[in-house]
Structure formats: structure tokens, C-alpha cells
Amino acid sequence: MIDVVIAGLGQTSVGEHWDTSLRDLAFYALNAAIKDAGGLRPQSLFVGNMLAPNLSRQAHLGALIADYAGLTGIEAVTVEAAGASGGAALRQAYLAIKSGLVDTALVVGVEKFTDQVGAGVEEALATASDSDFESVQGLTPAAQAALIMKRYMHEHEIPADGFAGFALTAHANGAGNPNAMFQKAIKPELYAKSGESPNMFDTAPTADGAAALVLTHRDLLPSNRPYPLIKVSGSATASDTLALHDRKDMLFFEAAHLSAGKAMKQANITLGDINLFEYHDAFSIYAALTLESVGFAVRGQGWKLAADGQTALNGRIPCATMGGLKARGFPGGATGVYQAVEAAQQLRGQAGANQIAGASYALIQSLGGPASTAVSHVLQRII
């Protein structure tokens, strides 16, 4: 049985990198990850990206980034699964090593939103929806999430400020993350001034960024490494209908439920063993539905976990521990790799002011669209 471990971590800050190209962002992150891994040279490169062909007019990122990083000759491909692209790239690297055909793999998640501005960005984001039945009608991901949120609030009689806890938690944690787009906590009064949910604090800001991981076999790591060993002990993905109207229940993320359950089963753990959960809070309603679908809350009660402080750093199930998509920023297809880097920092004990004491297990999950794709991983500190 091959143990897949994380050998190196790298990331750029998340924000508006007007003067930095997509390839440069990717290079900065992967170079840091390779250095952190003691110079291990990858045999394969898996790039998670969602929008480069639309926003940057650049496809074929595997070859582009491998060439720019001086890795010409290795296997290099792009993996696309909308907002779950980074998580899907991580899974492909995991499977490559697990198969025994690859010893060391490099995962890079990268997105460059500022290559375009205005309506072009919303048009690109809408490509994650069903073109023939949703986006053709002018439905954007934000509008779709707002409709889901309104339905949820109606069915479960949620108060007007019921979702405030998600934004408050994320921004409080973003204040302790030097790579976050927003590094300032907010007060309930500020959320309230923004109007009834959904408001601007219920939507994560799109942003540029890149994150990278080096995965390898346990026996290839140096014995004198300065940090605990982190194992990918569970990995799973699942899909649902692309169009929301085709689902039996639009207020339950079946793919999130399935992928998290499979990943935890592989890791031989239960929800009670999880010390932190990095969910895909592109919208507050996604966070609430994910908590319910994964099993941390019953139907209609996910919002209460945030409202009652149970998702805070000192809560029952800390979430978005480095700010999540809401405060760290939403780097599109790079999201899943950022989640893995941040969770690994927690398990290594390198999360600074946001450190979860004694963290041994982290669950991370990235979503494509309204959980049309869900990719889940369990990371475990084993030494």
C-alpha cells in the first residue's frame, strides 16, 4: 500500500495581481513548493484551472507552465472541473502516485481574473452552468446562489441576518492570514448595513492567485524534515446534475455528501475525528448547505453553526480557518489547492495566529457550480 504524502507547499497572496501574468503566478507558487519539498523534481504536473481559455485567452496550461518552470519533458496536463478544478487536479496527482506509476507529482492551481474586467468575468463564470438551459437565460452563478438562498430562507424561516455568521467567521480568520485578500475582521453591524441576505458579504470576491503542492511517497522524504508528515488519507469525487432544475432536491448537495463520505471512509474516520473543515464558501448558502450535506448539521440548521460560533477557530468544527473563499478570496479553479495548502499548514502547526491546537485531521472540499462536482480530501498528520 502506497502512502501519498505532501512534501511541499507554496502559494501566492490572493488579490488583484494586475502586473503579474498567469504563468508567473503559477511559477512563484510551484517554485516555493519544490523548494519546501527539498528540491524534489516532479515527474508529472497537474494544473487546476477554470477560466484561462476565457479570461486569459490561454489554454494548454500544462505545457505552458512546465516549460516556463524548466520542467520540459515531464507529463503535464490541465484539469478542469469549474470551481473544483484544483481539487480535481489534486485527486489526479494522488491517483498517479497511488498507482505506483509516478513517484513525485506537482499540483498547481492558478487563476487570473484580472486579465479581463466587467461583464466578461461574469460571462466566463457562467460557463460552469448549463449553457442551453441556465446561462443562455442570463443566469449568473451569483444570481443562482441568491435564488437558492431565498428558497432556503423561505423553507426554514431563517431570520434576515441568519447568514451573518459565515462572513463574520471568514473575515475574523482572514485577519490572521498574510496571504488573504481581506485581512480585517467585520462587525455584525456592518453586515446588517449591507441589507437583508443575500448581500455583498454573502458572496466571495473573485481574485487572482496560485497555490501548489508536491506529492510523493513517504520513503522519498528526507528523514531530517523540519515539519510533521502529512498524509492524504482519503480522496473522492462525485457529480450531480449540471442544471439545478434537474435535481430532486435543490437544497441538498448530494455530490458533497457522497464525496465527503467516501473520503472519510477511506481514511477510516468519522465526522467526530475532523479537527477542521475547509468548505467551499463561494456563497454563504453553499457553506450552509455543505455543512448539512456532509453531516455536520441537520437540514435547515447549517446556518446556526456559524451563527452560534461553532465554526470559529475555537468552535466545535472550525471552518474557513485561513479566511475561506470569502476573506482569503475566491481564486476560481485554484481554490482546492489553496484549501489543501492551508489545511496542511494547520496540520504542520504553521498556521500562525489561526492555528488549531493539536489538529490531526482536516477535511477539505471544493465544489464546481452548485455542487455539480464535489471533490473531497482528508489530510492526516501522522508524525
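Rules of the game
Residues numbered from 1 in each chain as written. Predicted model: local features only at pLDDT ≥ 70, side-chain atom pairs only at ≥ 80, totals over all residues. Heavy atoms only, no water. Helix = DSSP H or I, 4+ residues; strand = E, 2+ residues; numbered from the N terminus. Buried < 20%, exposed > 50% of the residue type's maximum accessible area, 1.4 Å probe, protein only. Lys, Arg positive; Asp, Glu negative; His and termini not counted. Salt bridge = Lys/Arg side-chain N within 4 Å of Asp/Glu carboxyl O. Polar contact = N/O pair within 3.5 Å; in protein donor to acceptor, adjacent residues only side chain to side chain. Pairing = 2+ DSSP bridges. Phe/Tyr/Trp six-rings, centres within 6.5 Å; stacked < 30°, edge-to-face > 60°. Core = buried A, V, L, I, M, F, W, Y, C linked by side-chain atoms within 4.5 Å. Contact = heavy atoms within 4.5 Å. 1 Å grid on protein atoms, 1.4 Å probe; cavity = no way out; pocket = protein on both sides within 12 Å on 5 of 7 lines; lining within 4 Å. Points joined across faces, edges and corners; volume = space filled by probe spheres on them. Nonpolar A, V, L, I, M, F, W, Y, C, P; charged D, E, K, R; others polar. Axes fitted to C-alpha atoms, helices over the stretch in contact; angles between N-to-C directions. Parallel < 35°, antiparallel > 145°, perpendicular 65-115°, else oblique. Left-handed = near helix turned anticlockwise from the far one by under 90°.

K.L.:
Looking at this structure, I do not really get the side chain of glutamate 111. What am I missing?
P.N.:
Its location among the elements puts glutamate 111 in strand β4 (residues 104–111). Despite its burial, glutamate 111 remains without a salt bridge, the nearest opposite charge being carried by lysine 112 at 10 Å. A distance of 3.1 Å separates a polar side-chain atom of glutamate 111 from the backbone nitrogen of methionine 50.

K.L.:
Honestly, the pairing of strand β5 (residues 209–217) in this entry has me stumped. Any pointers?
P.N.:
Residues in a regular strand project their side chains so that they alternate between the two faces of the sheet. The buried fraction of β5 is high, at nine of nine residues. Two elements, strand β1 (residues 4–11) and β5, share seven bridges in a ladder whose sense is antiparallel. Across the sheet, the residue bridging to leucine 9 is leucine 213, located in β5.

K.L.:
Explain the packing of aromatic side chains here, please?
P.N.:
The description of an aromatic ring pair rests on the distance of the ring centres and on the angle between the ring planes. The full count for this structure, using the stated rule, is ten aromatic pairs. An angle of 80° between the planes, with centres 6.0 Å apart, marks the rings of phenylalanine 27 and tyrosine 68 as edge-to-face. Taken together, the residues span a long stretch of sequence, with phenylalanine 27 in helix α1 (residues 22–36) and tyrosine 68 in helix α3 (residues 61–68) at a distance of 41 residues. By relative accessible area, which is 36% here, tyrosine 68 ends up partly exposed. Arranged with centres 5.8 Å apart and planes meeting at 75°, the rings of phenylalanine 277 and tyrosine 279 form a pair that is edge-to-face.

K.L.:
Please clarify how the nonpolar core should be interpreted in this entry.
P.N.:
As a rule of thumb, soluble globular proteins bury nonpolar side chains together. Grouped together as the largest cluster of nonpolar side chains are 54 residues, with contacts concentrated most on Tyr152, Phe163, Phe166, Phe277, Ile285 and Phe296. Looking at which element gives the most residues to this core, the answer is helix α10 (residues 284–294), with seven residues. Once you skip the residues sitting within four places of it in the chain, phenylalanine 166 turns out to touch Tyr279, Ser284, Ala287, Ala288, Leu291, Gly302, Trp303 and Ala306. Formed by 39 residues, the second largest nonpolar core is a distinct cluster that contains Ala81, Ala84, Ala96 and Ala207.

K.L.:
Help me out: how do you make sense of empty space enclosed by the protein in this one?
P.N.:
Taking a probe equal in size to a water molecule and rolling it over the atoms shows the remaining empty space. Counted under the stated rule, the structure contains one cavity of 30 Å³ or more. Quantified by volume, the largest cavity comes out at close to 40 Å³. Lining the largest cavity, in full, are Phe166, Ala167, Phe201, Asp202, Thr203, Ala204, Asp281, Ala282, Phe283, Ser284 and Lys326. Residues that form the lining of the largest cavity fall into these classes: six nonpolar, two polar and three charged.

K.L.:
Got a minute to help me understand the packing of α1 against α3 in this structure?
P.N.:
Packed helix pairs are specified by the crossing angle of their axes together with the interaxial distance, meaning the distance between the axes. Relative to each other, α1 and α3 sit at 60°, their axes nearing to 10 Å. Taken together, the axis directions place α1 and α3 in an arrangement best described as oblique. Here the hand of the crossing between α1 and α3 comes out right-handed. Along the contact surface, α1 presents Leu22, Arg23, Asp24, Ala26, Phe27 and Leu30, while α3 presents Leu61, Leu64, Ile65 and Tyr68. Residue classes in the contact of α1 with α3 are distributed as eight nonpolar, no polar and two charged.

K.L.:
Sorry, what's going on with the sheet that holds strand β3 (residues 75–79) here?
P.N.:
Two modes of strand pairing occur in sheets, parallel and antiparallel, and in both the strands are linked by backbone hydrogen bonds. Read from one edge of the open sheet, nine strands run β3-β2-β4-β5-β1-β6-β9-β8-β7, paired in mixed fashion. Bordering the open sheet on either side are β3 and β7 (276–278), each of which pairs with just one other strand. Averaged over all neighbouring strand pairs, the angle between strand axes comes to 25°, with direction disregarded. Examined bridge by bridge, β7 and strand β8 (residues 361–368) share three bridges and lie parallel to one another. Looking across to β8, one finds that leucine 276 is bridged to alanine 362. Here helix α4 (residues 85–98) sits on the sheet in contact with β1, β2 (44–48), β3, β4, β5, β6 (230–239), β8 and β9 (373–381), set at roughly 160° to β2. Most of the contacts of helix α9 (residues 254–267) go to β6, to which it runs at about 150°, and overall it touches β6, β8 and β9.

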